[in-house]
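Coordinate inspection notes
Given next are the chains, with one letter for each unit.
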Amino acid sequence: MEYFAELSENCIIQENVILGLKYKEDCQKVKIGNNAIIRSGTIIYADVVAGDHFQTGHNVVIREKTTFGSFIVVGTNTVIDGHVTVGNFVKIESNCYIPTHVIIGSYVFIGPGVVLTNDKYPQKMRDKYKPEGPIIEDGVTLGAGVIVLPGIKIGKGSFVAAGSVVTKDVPEGTVVCGNPAKKLRNVPENQLLKNQED
């Protein structure tokens, strides 16, 4: 199988994968680092860059202008809609939706069924504003089924409990839960990212 891609060493590409889907004439090849595993049914558009140890589940869609660091897992049936930046050591579980204009830091866990959003006024006033996705800072955990509204910042080391709907910024090192999500407590000191990197 021929791909519109530059693959580094020890990459495993299963059957029925599209690497480098061309969405315009002058797009660039997909670039993927060493030791990748791309599972069947995955579609990765041109202009995507991923570091070493990148892997997908089945039926993943990753649109153009998405950049990943190293040690990334993107779970089955997840859609990343392009123009997204992802750091290192990030696990995105199955059935997640990540729209355009999202920034995800390093050491982030995104649980199954998480939905991030970027459109405050769907189908209205598109000439007056640009989509603005959430910013998920380093060390954040989003539990299963979390919904994050447009433009929200989830502070470093925070924990968002399963099923929460995040409508306001979450301060660094905070545990929030509920609909709308509210502060429950601070993340215990020994669980903060800065105390786990040694």
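Details of the structure are given in the entry above.
Quick look at the structure, then.

Procedures and definitions
Residues numbered from 1 in each chain as written. Predicted model: local features only at pLDDT ≥ 70, side-chain atom pairs only at ≥ 80, totals over all residues. Heavy atoms only, no water. Helix = DSSP H or I, 4+ residues; strand = E, 2+ residues; numbered from the N terminus. Buried < 20%, exposed > 50% of the residue type's maximum accessible area, 1.4 Å probe, protein only. Contact = heavy atoms within 4.5 Å. Phe/Tyr/Trp six-rings, centres within 6.5 Å; stacked < 30°, edge-to-face > 60°. Lys NZ or Arg CZ within 6 Å of the ring centre and 35° of its normal. Salt bridge = Lys/Arg side-chain N within 4 Å of Asp/Glu carboxyl O.

**Concerning unusual backbone geometry**
N179 connects to P180 through a cis peptide bond whose omega is 0°. Its place among the elements puts P180 in the loop between β25 (174-177) and β26 (182-186). For H53, which is not glycine, the phi torsion reads 60° and is therefore positive. Within the fold, H53 resides in the loop between β7 (49-50) and β8 (54-56). Phi angles above zero are rare outside glycine, and Y107 is one such case at about 55°. For Y107, the position within the fold is in the loop between β16 (102-104) and β17 (108-110). Overall, Y107 belongs to the partly exposed group, its relative accessible area being 40%.

**Some words on the side chain of N118**
As for its placement among the helices and strands, N118 is situated in the loop between β18 (115-116) and β19 (135-136). Residues in contact with N118, not counting those within four places in the same chain, are P99, T100, H101, P131, E132, G133 and P150.

**Examining the packing of aromatic side chains**
Inspection of the entire model under this criterion finds 3 aromatic pairs. The aromatic ring of F4 is capped on one face by K22, whose charged end is 4.4 Å from the ring centroid.

**Concerning the pattern of salt bridges**
Counting across every chain of the model gives 4 salt bridges. Between E93 and K91 there is a salt bridge, with the nearest N and O atoms lying 3.6 Å from each other.

**Here we look at the environment of I72**
Inspection of the secondary structure puts I72 in strand β11 (residues 72-74). Along the sequence, I72 and Y107 sit 35 residues apart, while their C-alpha atoms lie 9.6 Å from each other. Excluding residues within four positions of it along the chain, I72 makes contact with H53, F54, Q55, V86, G87, N88, F89 and V90.

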